[in-house]
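Chain and residue survey
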Amino acid sequence: MKQKKVMMDGNTAASYISYAFTEVAGIFPITPSSVMAELVDEWAANGKKNIFGQPVEVIEMQSEGGAAGTVHGSLQAGALTTTYTASQGLLLMIPNMYKIAGEMLPGVFHVSARTLSAHALSIFGDHSDVIGCRNTGFAFLASGSPQEVMDLGAVAHLSAIKARMPFLHFFDGFRTSHEMNTIEALDYDELAKLIDYDQLDAFRKNALNPDHPVTRGTTVNPDIFFQSREACNKAVNAIPEIVEHYMGEIKKLTGREYNLFDLYGAKDAERLIIMMGSGAETAKEVVDYLVEKGEKVALLDVRLYRPFSKKHFLAAVPKTVKKIATLDRLKEPNGLGEPLYQDVCTVYKQEGIDMEIVGGRYGLSSKDTTPEQILAVFENLKEATPKDNFTIGIVDDVYNTSLELPAPINTTPAGEKGCKIWGMGSDGTVGANKNTVKIINETTDLNAQAYFVYDSKKSGGLTQSHLRFGTAPIRSPYLVNKADFVACHTQAYVYKYDMVKDLKENGIFLLNCNWSDEELDANLPDSMKKALADKNARLYIIDAVAIAKKIGLGNRINTILQASFFKLTDIIPIDDAVKEMKEAIYKTYFIKKGQKIVDLNNESIDYGITELHEVKIPEAWKNITVKPVEENVPDFIKDVVNVMNRQEGDNIPVSTIMKYKLEDGTWYAGTTKYEKRGAAADVPEWNIDNCIQCNICSLVCPHAAIRPVLLDEAEKAKAPADFTTKKAIGPGLDKYEYRIQVSPYDCTGCGVCVNACPAKEKAIVMEPLASQLDQADNWTFAVEDVEIKKDAVNHNTVKNSQFAKPYFEFSGACAGCGETPYIKLVTQLFGDHMYIGNASGCSSAYGGSTPATPYCDDKCGRGPAWAMSLFEDNAEYVLGFKLGYEAVRRRSKAYVEDLIAKGVCKAEGEAYLAAYNDSAKSDETSKALVAALKASNDASEAAKYIIDNADYLARKSFWAFGGDGWAYDIGYGGLDHVIATGEDVNILVLDTEVYSNTGGQSSKSTNTAAVAKFSAGGKETKKKDLGYMAMSYG
Amino acid sequence: MGYDMNQALKAIREAEAYPGPSIIIAYSPCIEHGIKKQMSKSQIEAKEAVECGYWHTYRFNPSLKAEGKNPFTLDSKEPDLSKLEDFILGENRYASLKIAFPDKAQRLYDKAKKDAADRLDLYKSLAAQK
């Protein structure tokens, strides 16, 4: 039967299908899975019904551990129960997964598979999380595309009920969870007919119930534990056939065929790749490409990973296969091979078949897996001795695991178009592109795919939209790298990124800029001009910024450029596109914003078509010699940070990682100052006459981009001519000259400083960025050549606290962020002697997302030592810092006492002990003691220990930073315990009353009546009073 | 910070100086709040949050007990609770409830006001202890 065609991403497909079969959902947010639970919550709040005629009962818990406990309990009580998670969240569920499987309960977990934190956190996708719980006893089903999520998601639920065993259904985080594609939705009424109601009834009858009581979860001794574990084999062994049965039922409904192991390619294949997840879709393209050339290759796509059915595996693999490469999307650092490799080896060992099998790793942390990489694997299998334990997608020039990439190949089906669009966060580009694929999906028979890439910046960051359109269903789960159309929506990007690289020969390049043809010639970088000419590109320009301003749309350039997109790509007739766009505009804006905004947007569509201008590429561009750009920065910035900021980090080889000793997760302090993002439209300009020297602008600036400067006479003499100053006012300051200095490239243009300025006539006003760029040199002078005036710093007053150096600058936090001013102030007070442990969340995302580190050091090389462990354990982690540091320090203290007894450096030793816990003096007395010991030439072990561990002498300040999701919810148990220990640890809770970093889910800090995700119907309960609870220990 | 930056500075310094565990709960306006006057006024939003009794600034220092003093100090001035509903309706996280669920919005807004009044009473009673 014909099913409904819709645009859906993998997460939405999982929500849709799971909603049908779910009675209770126990949830907790974690990227990239949160959307699944959010949709279920929203639908439930609006009364949507499942197959059983009821809305899903949704309960948000304090952690994934809590969610799993509730899921377990709900299953024991006889309700079909589901959860959604990924990565660290899945790890927290493992204890209950053993229980749920052990008690043979039909729960279903949908997992958007994501990397586990190791040397660093990554929100992106690989299989390290799901594979890490393969021995819990759950059945594992893998999907490789949004359509498969829909189909196999149904198989997971139906099979769980029939088998009365739990299923984990997984798909690749971001690549599948966030890829929008044209798919068919299954019909709930049809699905309802497939449920095994006898088994459902048996499940209910077996549930815990006082009307027929039993005891479960007992403690068992050596006598019968083992036998009971063997007794479950029957249920486990039945799973493969049950899954196979439901795959057949889905085929009857949809025509789409699935098998436990799907063979794709030559039936007489000699070379075989075995893998699972979205990478298999890429492999299918390469198999098609090679089979057409007559090569005997195939792919085995693993659907049911656990239980691993040897019978079905052997039946699926052609007898002609001579060599196998397995591809695992994770790294097991100290095994004989990754798990899928070991499974396959075991099959052949058990069958006594001598098969050549090599194993490789791919795609960690969403590393893009391209057809060329897969081709390299097939080529490797051609070798007499194929490389084993190999990698694809990276350059490993140290251990030489990586396979060399072949020349680019074209696996794109005829009639498929690829488009790549570069935009800036919050400019509306991504929203417009989503609308574009929706229009194409709804008005044509074409299939569409859309995938969006964001950087780690909270605002003004880079967005890349990857769109594909075609007559056949679109696979290609990798970034568009052979585009028919590339658009650059932000003029400044021409200096930052190589955007022509992904353009096909004769492709179209659209640049949004305010240049004429002549100015374009003068301003475009040589490398870009030559690349456009060499590719014989068709170059179009439009000044969308000016159009938007002119017609009164402010900075909303998205609709204009969307119209240009339709005009240039010719995917659908332009008149149809305009009609659809106008309809969408009416729907989006009429109710919320009124007819005027609708009219303005409609007008902008017309301009997006008529104002397009084709630039004839001059012949001369072909003959340009491109000179390498000189970079006057430290080697680490040049070799690593700048490469990553150009979006070319994929090219950084293993040797560079090792050269800078990054393999243990180390990153170097203060890299944000090299970014010079220039992301603001307007930045503050200081008015010297109006300024009352209160320094409030500096205090409230979320990005430390506006600072007071005090100059002595010598500095004033060296200052640039336009570095105007006025006489400093305030006690003891009259010997200095005063200035407020803005860094135009580091400012995000939020305007908080302007609104906070208490001067009668504002002493700062926002002016266009371009008019303020000459302040950049003044900024450099102010921070490089002017000393911090220590005598002016005074922690007792707001004004004087601001003369201290902020050890936290230019973070990627949102413009106007309410959290970062606190952090910055804390670093101004304690920054040169503080430890910071940061819970996962916004403050870790802007606090340490490579390559950007806003925590910086001073000219003495001192500054905050910052690290993140996990989300749930931050208070404990910082307590560990304190205990570890003090353990080393305590030994120094004992040695100091020994030395005093011996009369060595007695005065310095006693001074040190007297100031042992005095943060104001401890640093000085420590330094004096070390200097005296060095001068004394005392050869004792005590003196040597103290000198060797000089960094462990002074009192340090220990801080735990995190948001309310951590402090009120997932980390509360630990936070409470740390407070109860009485140890001197400082906790800073940046309370936004919502899980901000994962997209705004409700926490226990959320107030009554607030609408948040997971509280779609408004929060019913009171905000937790964390302060009151903490006071109970006082 | 937006309400009383001197109090923020004082609270941070006092917390750090306390020779035991300390916790600072820092009200942080966020884009997720949907502040209608925009994030450029995030500090002003925080100020208004305290003025209407949505939030309070206080310090609790157990060291003061040894001196025979009340460890709890309510720093923020008597709020005007009648402004609370206007304040929360200035943020889309609250205002959107009225649009999506008009039936129950007023009940929850009333509960929010009641919760705020209860919280204020609690802090006042703590501050009144000798």
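Scroll up to find the structure.
Residues take numbers from 1 onward in each chain, read along the sequence in its written order. The lettering of chains begins at A and the numbering of ligands begins at 1, in the order of writing. Residues qualify for local features only when their pLDDT is at least 70, as the model is predicted, and side-chain atom pairs are given and counted only at 80 or more; totals for whole chains, interfaces and linings, by contrast, use all residues. The side-chain values count all of the structure's non-hydrogen atoms but skip hydrogen atoms and water molecules.

1. Quick word on the overall build of chain B
Here a strand is any run of E in DSSP of at least two residues, a helix any run of H or I of at least four, and the numbering for each starts at the N terminus. Each helix and strand in chain B was counted, giving 6 helices and 3 strands. Summarising its shape, the C-alpha atoms of chain B cover approximately 55 × 30 × 25 Å along the three principal directions. Here a residue-residue contact requires only that any non-hydrogen atoms of the pair lie within 4.5 Å. Sequence separation of 24 or more characterises 64% of the internal contacts of chain B that already satisfy a separation of 6 or more. Residues scored as charged are limited to Lys and Arg (positive) and Asp and Glu (negative), so that His and the chain ends carry no count. By convention, the point assigned to a charge is CZ for Arg, NZ for Lys, CD for Glu and CG for Asp. With 21 positive and 19 negative side-chain charges, chain B shows a spacing of 1 Å between the two charge centroids.

2. Here we look at the nonpolar core
The nonpolar core is taken to be a set of buried Ala, Val, Leu, Ile, Met, Phe, Trp, Tyr and Cys residues, with the residues joined through side-chain atoms within 4.5 Å. Note on exposure labels: buried denotes an accessible area under 20% of the residue type's maximum, exposed denotes more than 50%, and partly exposed covers the range between, all computed with a 1.4 Å probe on protein chains only. Counting residues in hydrophobic clusters, the biggest one holds 105 residues, and the most contacted among them are F109, F167, L168 and F313 of chain A. By residue number, the principal contributor to this core is helix α6 (residues 146-163) of chain A, which donates 10 residues. The residues contacting F313 of chain A, other than those within four sequence positions of it, are F261, I274, L300, F308, V344, V347 and Y348 of chain A. Of all hydrophobic cores here, the second largest spans 55 residues; its members include L825, M834 and L990 of chain A together with L108 of chain B.

3. Considerations on unusual backbone geometry
All names here are of chain A. P32 follows T31 through a cis peptide bond whose omega is 0 degrees. T850 connects to P851 through a cis peptide bond whose omega is 5 degrees. Examined against the element boundaries, P851 turns out to sit in the loop between α31 (842-845) and β29 (865-867). Even without being glycine, N536 reaches a positive phi, approximately 55 degrees. With respect to the helices and strands, N536 occurs in the loop between α17 (526-534) and β21 (538-542). The exposure class of N536 is partly exposed, given its relative accessible area of 46%.

4. Description of the packing of aromatic side chains
All names here are of chain A. Pairing of aromatic side chains here covers Phe, Tyr and the six-membered ring of Trp, requires ring centres within 6.5 Å, and sorts the geometry by plane angle: under 30 degrees stacked, over 60 edge-to-face, intermediate tilted. Evaluated as defined, the whole model comprises 44 aromatic pairs over all chains. Considering the side-chain rings of Y493 and Y497, the 5.0 Å spacing of their centres and the 75 degrees angle between planes classify their relative orientation as edge-to-face. Assigned by exposure class, Y493 and Y497 land together as buried. Relative to Y668, the ring of F636 lies with its centre 4.8 Å away and its plane at 80 degrees, an arrangement referred to as edge-to-face. In this pair, F636 sits in helix α22 (residues 635-645) while Y668 sits in the loop between α23 (654-659) and β23 (682-686), placing the two residues 32 residues apart along the sequence. Feature note: the residues Y835, Y877, F881, Y885, Y952 and F958 constitute an aromatic cluster, connected by ring pairs. Above the plane of the ring of Y451 lies R175, whose end atom (NZ or CZ) is 3.9 Å from the centre. Two conditions define a charge located above a ring, namely a distance within 6 Å from the ring centre to NZ of Lys or CZ of Arg, and an angle within 35 degrees of the ring normal. The aromatic ring of Y916 is capped on one face by K893, whose charged end is 4.6 Å from the ring centroid.

5. Some words on the sheet that holds strand β8 (residues 180-185) of chain A
Residues and elements named next belong to chain A. Pairing between strands is defined by DSSP: at least two bridges between them are needed. Reading across from one edge, β1-β8-β17-β18-β16-β19-β20-β21-β22 is the order of the 9 strands in this open sheet, with mixed pairing throughout. Of all strands in the sheet, those bounded by a partner on one side alone are β1 (4-8) and β22 (613-615). Within this sheet the neighbouring strands show an average axis-to-axis angle of 25 degrees, counted without direction. Relative to strand β17 (residues 447-454), β8 is paired through 2 bridges, and the arrangement is antiparallel. For N181, the partnering residue across the bridge sits in β17 and is Q449. To define axes, lines are fitted to C-alpha atoms, for helices over the stretch in contact only, and angles between the resulting N-to-C directions are given on a 0 to 180 degree scale.

6. Regarding the pattern of salt bridges
All names here are of chain A. Whenever Lys or Arg places a side-chain nitrogen within 4 Å of a carboxyl oxygen from Asp or Glu, that contact is recorded as a salt bridge. Scanning all chains against the criterion turns up 71 salt bridges over all chains. A salt bridge links E281 to K284, with the nearest nitrogen and oxygen atoms 2.9 Å apart. Note that E281 and K284 are positioned in helix α11 (residues 279-292) at a spacing of 3 residues, about one turn of the helix. Linking K906 and E910 is a salt bridge whose minimum nitrogen-to-oxygen distance equals 3.5 Å. Of the two residues, K906 and E910 both sit in helix α33 (residues 906-914), 4 residues apart, roughly one turn of that helix. Looking at E910, the relative accessible area reads 38%, which means it is partly exposed. Here the residues in one salt-bridge network are E148, D262, E281, K284, D301 and R303, joined through shared partners.

7. Points about the interface of chain B and chain A
Counting residues at the interface gives 54 residues for chain B, matched by 70 residues for chain A. Note on terms: buried area is the combined drop in 1.4 Å-probe accessible area of two parts once they are placed together, counting the loss on both. Between chain B and chain A, a total of about 5100 Å² is buried, with carbon and sulfur atoms accounting for 61% of that surface. Remark: the boundary between chain B and chain A carries 3 salt bridges. Its salt-bridge partner being E16 of chain B, residue R955 of chain A comes within 3.5 Å of it at the nearest N-O pair. Polar contact criterion, stated in full: a pair of N or O atoms within 3.5 Å, where within protein one must be able to donate a hydrogen and the other to accept it, and residues adjacent in sequence count only if both atoms are side-chain atoms. In this assembly, chain B and chain A are joined by 27 residue pairs in polar contact (both at pLDDT 80 or more). Sorting the residues of the side of chain B that touches chain A by element identifies α1 (5-17), β1 (22-27), α2 (42-51), β2 (58-60), α5 (92-100) and α6 (102-128) of chain B as the ones contributing at least two each. Here the element with the most residues in the side of chain B that touches chain A is α6 of chain B; it accounts for 12 residues.

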